[in-house]
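Chains, contacts and geometry: an overview
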Amino acid sequence: MKTPAKIILSFSEREKKLFSPHSIFTPIPNVEFRWVDNTQMSAKEWQEALVQFQPNALVSCWSTARIPDEFLQSSPLLPQYLCHVSGSVRHIISRSFMERGGLVTTWGNMAAPMVAEHALLL
């Protein structure tokens with residue numbers, strides 16, 4: 001049997017509601033999800049959660065705590081992918097993550113026109 005992919009979804013309760021969690025928590029064959037609310041964890045607890053689960057991918061948001069460099073150095077192949085759904089990833093990972101081959105995607109400027117339009121509206 002194929003080893004399941006492991007994905008941590010790191011959202012606060014507010015972000016979980018905002019980004020429609022009912023669609024991203026739908027079971028998928030050979031994929032194991034774990035939801036983590038960093039706002040309720042210390043830095044040590046966050047690192048322990050990463051070490052214990054060993055995620056292949058991380059889906060992050062505004063509240064996601066930084067992935068400790070110690071974890072990235074001790075698990076050089078994990079995570080392989082960071083999907084950030086809001087803004088910059090600078091506070092979550094160091095440049096070394098990408099230098100070692102980690103993949104990163106963000107919304108980038110996809111939401112920029114809507115944000116600018118609403119700013120003008122306000």
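Residues numbered from 1 in each chain as written. Predicted model: local features only at pLDDT ≥ 70, side-chain atom pairs only at ≥ 80, totals over all residues. Heavy atoms only, no water.

Thoughts on the environment of valine 31
As for its position among the elements, valine 31 is in strand S2 (residues 31-36). Residues valine 31 and lysine 6 lie 25 residues apart in sequence; the distance between their C-alpha atoms is 5.9 Å. In this view, valine 31 contacts Pro4, Ala5 and Ile7; residues no more than four positions away in its chain are not counted. (Helix = DSSP H or I, 4+ residues; strand = E, 2+ residues; numbered from the N terminus. Contact = heavy atoms within 4.5 Å.)

Digging into the pattern of salt bridges
All told, the structure shown has one salt bridge when counted by the stated rule. Two residues, arginine 95 and glutamate 99, come together in a salt bridge whose shortest N-O distance is 3.8 Å. Taken together, the residues span about one helical turn, with arginine 95 and glutamate 99 both in helix H5 (residues 95-99) at a distance of four residues. Here glutamate 99 falls in the exposed class, since its relative accessible area comes to 61%. (Salt bridge = Lys/Arg side-chain N within 4 Å of Asp/Glu carboxyl O. Buried < 20%, exposed > 50% of the residue type's maximum accessible area, 1.4 Å probe, protein only.)

Things to note about helix H3 (residues 43-53)
Among all positions of H3, only Trp46, Ala49, Leu50 and Phe53 are buried. Axial view of H3: buried residues confined to an arc of 95°, hence all on one face. The exposed set on the far side of H3, more than 90 degrees from its buried face, consists of Lys44 and Gln52. Buried positions along H3 lie against strand S1 (5-10), S2, strand S3 (57-60) and helix H4 (69-74). Two residues or fewer after H3 comes glutamine 54, characterised by a positive phi angle close to 50°. (Arc of directions from axis to C-beta.)

Topic: the side chain of histidine 84
Checked against the element boundaries, histidine 84 lands in strand S4 (residues 81-84). Ignoring sequence-local partners within four residues, the contact set of histidine 84 consists of Ser60, Cys61, Trp62, Val89, His91, Ile92, Thr105, Thr106 and Trp107.

A closer look at unusual backbone geometry
Where the residue is not glycine, phi is negative for most of them; where a peptide bond is considered, it is trans in most cases. Of note, asparagine 30 is a non-glycine position whose phi angle comes to about 65°, a positive value. The topology assignment puts asparagine 30 in the loop between helix H2 (21-24) and S2. Here glutamine 54, not a glycine, exhibits a phi torsion of approximately 50°, which is positive. Relative to the helices and strands, glutamine 54 resides in the loop between H3 and S3. On the accessibility criterion, glutamine 54 (25% relative accessible area) is partly exposed.

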